[in-house]
Amino acid sequence: MSAETAFRDELIEARILIPSGVDGVFGRSGLFESIVDGIDSLITRNGQDQDAEIVRFPPAMPRSVMETSGYLNGFPHLAGTVHCFCGDERAHQTLLRCLEAGEDWTEGQKCVDLTLTPAACYPVYPMIAGRGALPQGGCTVDVASYCFRHEPSLDPTRMQLFRMREFVRLGSPSDVQAFRDNWVQRGKTIIGDLGLPVAIDLANDPFFGRGGTFMASSQRDQALKFELLVPVTNPEKPTACLSFNYHMDHFSEVWNLRLADGELAHTACVGFGFERLTLALLRHHGFDISSWPQSCRKALWNS
Ligand code: ATP
Ligand code: ZN
Ligand code: MG
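Residues numbered from 1 in each chain as written. Chains lettered and ligands numbered in written order. Predicted model: local features only at pLDDT ≥ 70, side-chain atom pairs only at ≥ 80, totals over all residues. Heavy atoms only, no water.

As for the coordination of the zinc ion (ligand 2)
Surrounding the zinc ion (ligand 2) are the protein donor atoms Cys 121 (SG), Glu 166 (OE) and Cys 269 (SG), at 2.0 to 2.3 Å. Ordering the donors of the zinc ion (ligand 2) by residue number gives the pattern C-x44-E-x102-C. Here the residue Glu 166 occupies a position in strand 8 (residues 161–171), and Cys 269 occupies one in strand 12 (residues 266–273), the gap between them amounting to 103 residues. (Donors = N, O, S within 2.8 Å, 3.2 Å for Na, K, Ca; no water. Helix = DSSP H or I, 4+ residues; strand = E, 2+ residues; numbered from the N terminus.)

So this is what it looks like as structure tokens:
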């Protein structure tokens with residue numbers, strides 16, 4: 001049995017994760033959620049000085065946002081679309097017949113004008129763009145969402161539906177780079193103080209196909225993405241629990257995000273993965289939270 005499956009089975013056995021029958025889709029226990037809540041308040045406290053506008057979006061977004069953002073260029077294999085029944089009585093009868101016969105009943109489903117949100121920050125750029133030029137000094141947004149990625153896995157740290165909280169910075173290139181560098185340091189301190197072994201590493205996104213290999217290496221060459229890694233399921237392959245992404249003017253170009261002086265803005269985001277951080281804590285401190293290090297309990301629950 002692999003290290004990944006062994007940890008998954010332990011979590012299921014302890015009823016911390018509830019398997020759904022689909023890989024990477026779990027229910028969560030009260031214990032799991034209390035850790036998620038603790039991480040959420042820890043992030044809130046550490047982001048207090050960011051003067052961030054708080055917004056929350058549902059886990060689906062307009063299909064046009066996915067189309068415009070370029071997500072389908074890089075990650076067509078991860079994207080989730082929403083399909084619904086849009087037929088008449090006859091189509092309904094066909095659906096029921098197929099269902100009864102154990103045949104594919106989904107043929108008549110139509111793609112509607114929604115997709116599942118792949119990362120919490122995607123709805124932020126059109127929101128800000130809709131307001132016109134950025135204010136002097138740019139702006140920072142605090143956003144969180146359930147996210148979907150079609151990457152079924154037996155590794156419990158790679159879910160298909162998971163929660164992400166992000167701070168997104170929109171501003172001049174130097175502001176945005178300083179924000180990103182600052183959060184790399186903060187992230188290291190915040191997570192290290194929870195008693196977790198952390199490492200920062202240069203990273204790339206899992207771009208699709210042959211063209212993707214080029215995109216991934218150019219992302220690395222330009223040092224656009226860093227990850228904070230914690231060993232969770234496999235000591236040899238630590239897991240990205242925080243990501244620090246510098247998009248340069250990618251989102252600004254597609255959404256026409258302008259600085260107060262009319263120049264194209266730059267953007268960056270720091271993303272915290274709630275499920276991965278929770279699993280990292282369970283892995284390192286055990287399933288009995290009353291025995292967790294005092295400093296960790298204090299940071300999460302002030303207890
Ligand atoms: P990986 O390299 O492991 O695929 P990622 O670098 O693609 O992850 P990001 O796209 O940067 O991850 O997403 C931001 C954060 O969301 C990650 O740092 C991680 O904590 C979390 N995350 C990403 N994918 C998943 C997943 N499949 N399951 C749970 N959490 C995830
Ligand atoms: Zn982001
Ligand atoms: Mg990655």
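Next comes the rest of the write-up.
Points about the sheet that holds strand 6 (residues 109–116)
Read from one edge of the open sheet, three strands run 4-6-5, paired in antiparallel fashion. The open sheet has two edge strands, strand 4 (60–62) and strand 5 (81–85), and neither has a second partner. Within the sheet, the average angular offset between the axes of one strand and its neighbour, ignoring direction, is 60°. (Pairing = 2+ DSSP bridges. Axes fitted to C-alpha atoms, helices over the stretch in contact; angles between N-to-C directions.)

Examining the domain arrangement of the protein
Per the domain assignment, the segments of the protein are domain 1 (3–79 + 118–301) and domain 2 (83–116). Using only C-alpha atoms to locate each centre, domain 1 and domain 2 end up separated by 34 Å. Contacts between the two partners involve eight residues from domain 1 and, on the opposite side, six residues from domain 2. In this assembly, domain 1 packs against domain 2 so that about 650 Å² is buried in total across both faces, 63% of it on carbon and sulfur atoms. Seen at the junction of domain 1 and domain 2, the total is zero salt bridges. The residue inventory of the side of domain 1 that touches domain 2, partitioned by class, reads seven nonpolar, no polar and one charged. (Domains from an automatic or database assignment. Contact = heavy atoms within 4.5 Å. Buried area = accessible area lost by both parts, 1.4 Å probe. Salt bridge = Lys/Arg side-chain N within 4 Å of Asp/Glu carboxyl O. Nonpolar A, V, L, I, M, F, W, Y, C, P; charged D, E, K, R; others polar.)

Some points on the sheet that holds strand 9 (residues 199–202)
Pairing is mixed in the open sheet, where seven strands are placed in the order 3-7-8-12-11-10-9. Strands at the two margins of the open sheet, each flanked by one partner only, are strand 3 (53–56) and strand 9. Each adjacent strand pair in this sheet contributes to an overall mean axis angle of 20°, direction not counted. In this sheet, strand 7 (residues 139–148) lies alongside strand 3 in parallel orientation, the contact comprising four bridges. Within strand 7, the residue paired with Glu 53 across the bridge is Val 141. Against the sheet, helix 10 (residues 274–285) contacts strand 8, strand 10 (225–230), strand 11 (239–248) and strand 12, and its axis sits at roughly 40° relative to strand 12.

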